[in-house]
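Residue-level structure breakdown
Read off the chains here:
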Amino acid sequence: GGFSWKTDSLGNPFVATSNQGIGASIWWPCKEHPADEVDSMTMRIEVPKPWKEVSNGRLIKTIEKEKTTVFEWFVSNPINNYGVNINIGNYVNFSETYDGEKGKLFCDYWVLEHHLPQAKQQFRDVPKMLEAFEYWFGPYPFYEDSYKLVEAPYLGMEHQSSVTYGNGYKNGYRGRDLSLSGWGLKFDFIIIHESGHEWFANNITYKDRADMWIHEGFTAYSECLYVEYHHGKEAGAEYVIGTRSNIQNDKPIIAPYGVNAAGSGDMYYKGSNMLHTLRQWVGNDTLWRQLLIDMNRDFYHRTVTSEEIENYISGKLGLKLEAFFDQYLRDSRLPILEYRIYDKRLAYRWTHTVPGFTMPITAYIDGKRTVLNPGAIWRSVNLDHNPEDVRVDKNYYVATLNVTGK
């Protein structure tokens with residue numbers, strides 16, 4: 001957190017700021033509370049020549065002095081404190097215009113001079129990202145301030161309209177597929193994930209760090225939606241299911257409020273698999289996509305609580321989801337579908353769940369698809385034989401346990 005005082009591979013100064021979690025006041029004086037955002041911001045940074053400086057928003061002017069240059073940037077939209085940043089280095093610049101849902105979006109790229117050829121190749125993921133995310137979430141939320149991708153001396157960060165990049169010009173996460181599915185090597189993880197935060201973190205922002213899942217759960221899910229948009233629904237499902245190997249189920253995703261605490265790191269991939277599971281419950285992809293678009297419209301440039309988001313989703317989908325969200329966000333246990341087979345009957349129930357937890361679930365009984373409606377007490381269905389194979393649809397993030405004979 002704070003300033004990273006680094007040098008690039010050629011020995012040039014390479015300096016940047018980042019401060020998620022620890023707070024922006026570690027490097028600049030500010031009112032340190034995520035529920036309060038300024039409506040606009042001007043930044044003036046003076047650096048020694050010949051180095052260049054890049055910050056949020058649009059470059060308004062540069063002032064040349066004898067030994068230094070002053071760079072002045074202006075952000076015209078509300079911005080959270082942790083999204084403000086400074087980047088200094090031996091930068092060169094290239095740009096393009098994207099024809100988006102709100103017209104022409106200026107896309108600006110700042111990279112180290114000796115990395116320009118790699119950047120021009122790797123940053124081709126940006127238009128593909130914008131196409132997918134505007135389809136799923138609606139218009140990029142900061143057209144007035146442009147979209148920027150800025151090389152940084154650390155892995156990356158979702159600074160608003162100034163997304164920082166340090167993934168080494170490799171696909172995946174530093175060259176690795178976090179999903180172990182193969183699909184994670186089809187895109188540059190940092191470009192896709194950190195840019196997804198423009199919708200979930202910078203457009204829709206938590207009021208308390210305890211609700212960070214709103215940022216990380218939805219953005220981790222955006223990776224799956226990016227894959228789905230470009231490679232098909234089954235590919236997107238394989239990606240998000242593959243990320244379950246990263247889930248610990250160690251503690252609740254939502255932390256105590258009012259003390260700047262963060263919950264479990266499961267906010268990323270348990271959060272995304274929770275959303276993927278809810279999509280299965282909904283069973284209507286048109287309604288699901290519209291929910292994501294409506295969220296970014298109705299909470300446009302707003303700070304929110306988890307309760308607001310949960311109630312909004314419940315209302316839009318017409319489902320009672322209090323216990324569902326309590327289970328996945330406020331409890332560390334994974335729901336277990338217990339079942340037993342006897343006398344040509346299948347009995348089933350939910351265990352390891354919070355009070356009131358219910359969720360219909362798709363299962364395959366000897367390959368035949370059926371929908372079960374488990375509760376906390378045993379329910380059963382009649383069958384024409386004792387099945388040899390009972391499987392829950394893999395798209396649901398739950399566990400199963402055969403207790404036949406107990």
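As the structure is a computational prediction, the values presented were derived from the model and not from experiment. (Residues numbered from 1 in each chain as written. Predicted model: local features only at pLDDT ≥ 70, side-chain atom pairs only at ≥ 80, totals over all residues. Heavy atoms only, no water.)

**Topic: the environment of D266**
Rules: Elements are defined by DSSP. Helices are runs of H or I of four residues or more, strands are runs of E of two residues or more, and each kind is numbered from the N terminus. Burial classes: relative accessible area under 20% of the type maximum marks a residue as buried, over 50% as exposed, and values in between as partly exposed (1.4 Å probe, protein chains only). Throughout, a contact is declared for two residues whenever any of their heavy atoms are within 4.5 Å.
Looking at where D266 falls in the secondary structure, it is placed in the loop between α5 (233-242) and α6 (269-282). On the basis of relative accessibility, which here comes to 4%, the residue D266 falls in the buried class. Considering only alpha carbons, one finds D266 and I253, 13 residues apart in sequence, at a separation of 6.3 Å. Ignoring any residue separated from it by four or fewer positions in sequence, one finds D266 in contact with N246, I247, Q248, N249, D250, I253 and G271.

**Side note on the sheet that holds strand β21 (residues 399-402)**
Let me state the cut-off plainly: DSSP-based pairing: two strands are paired if at least 2 bridges between them are found. Angles shown run from 0 to 180 degrees and are taken between the N-to-C directions of axes, each axis being a line fitted to C-alpha atoms and, for helices, limited to the stretch in contact.
The strand order β19-β16-β15-β21 describes an open sheet built from four strands, whose pairing is mixed. Two strands in the sheet have a free side with no partner beyond their single neighbour: β19 (379-382) and β21. Adjacent strand axes in the sheet meet at a mean angle of 25 degrees, parallel and antiparallel pairs treated alike. Sheet topology places strand β15 (residues 336-342) next to strand β16 (residues 345-351); seven bridges connect them, and they run antiparallel. Bridge pairing in β16 places Y339 opposite Y348.

**Structural notes on the nonpolar core**
Selection criterion: Among the buried residues, those of types Ala, Val, Leu, Ile, Met, Phe, Trp, Tyr and Cys that are joined through side-chain atoms within 4.5 Å form a nonpolar core.
Membership of the largest hydrophobic core comes to 101 residues, with the highest contact counts inside it found for F123, Y147, W213, L278, I309, I313 and F324. Element by element, the count of residues in this core is highest for helix α4 (residues 213-231), at nine residues. When residues no more than four places from it in sequence are discounted, the contact partners of Y147 are L105, F106, C107, D108, Y109, V126, M129, Y140, S161, V163, S195 and E198. Residues F14, M43, F71 and I79 belong to the second largest nonpolar core, which totals 22 residues.

**A word on the sheet that holds strand β18 (residues 368-372)**
Taken in spatial order, the three strands make up an open sheet running β18-β17-β20, and their pairing is antiparallel. Pairing within the sheet leaves two strands with one partner each, and these edge strands are β18 and β20 (390-392). In this sheet, adjacent strand axes meet at a mean angle of 30 degrees when their direction is disregarded. In terms of strand pairing, strand β17 (residues 361-365) meets β18 through five bridges, oriented antiparallel. When the bridges of β18 are listed, I365 appears paired with K368.

**What about the packing of aromatic side chains?**
We apply this condition: Stacked, tilted and edge-to-face are the three classes applied to pairs of Phe, Tyr and Trp rings, where Trp contributes its six-membered ring and a pair requires centres within 6.5 Å; stacked means planes under 30 degrees apart, edge-to-face means over 60, and tilted covers the rest. Sitting over a ring, as applied to charges here, requires NZ of Lys or CZ of Arg to be within 6 Å of the ring centre and within 35 degrees of the ring normal.
Per the stated rule, a full pass over the model turns up 34 aromatic pairs. Between the aromatic rings of W27 and W28, the centroid separation amounts to 6.0 Å while the plane-to-plane angle is 55 degrees, which identifies the pairing as tilted. By relative accessible area, which is 18% here, W28 ends up buried. Both rings, one in Y140 and one in F142, keep their centres 6.0 Å apart while their planes meet at 80 degrees; by these two values the pair is edge-to-face. The ring centre of F94 lies 5.8 Å from the NZ or CZ of K120, which sits over that ring. Here R289 stacks its cationic end above the ring of Y135, 3.7 Å away from the centre of that ring.

**Digging into the packing of α4 against helix α8 (residues 306-317)**
How we decide: Angle categories are assigned with fixed cut-offs, so that under 35 degrees is roughly parallel, over 145 is roughly antiparallel, 65 to 115 is roughly perpendicular, and the rest are oblique.
Put simply, α4 and α8 touch, their axes get as near as 11 Å, and they point 45 degrees apart. By the criterion of interaxial angle, the relationship of α4 to α8 is oblique. Contacts between α4 and α8 pair W213, I214 and F218 from the former with S306, I309 and I313 from the latter.

**Brief notes about the side chain of D8**
Our working definition: In summary, the charge assignment counts Lys and Arg as positive and Asp and Glu as negative, without counting His or the chain termini. A side-chain nitrogen of Lys or Arg and a carboxyl oxygen of Asp or Glu constitute a salt bridge if their distance falls within 4 Å. A 3.5 Å cut-off defines polar contacts: any pair of N or O atoms within that distance qualifies, except that in protein one atom must be a possible hydrogen donor and the other a possible acceptor, and neighbouring residues in sequence count only when both atoms are side-chain atoms.
The residue D8 is located in the loop between β1 (2-7) and β2 (13-18) in this model. Although buried, D8 forms no salt bridge, and the nearest oppositely charged side chain, K52, lies 12 Å from it. Polar contacts involving the side chain of D8 include one to the main-chain amide nitrogen of L10, which spans 2.8 Å. With residues up to four places along the chain from it excluded, the contact list for D8 reads F14, N90, L112 and H114.

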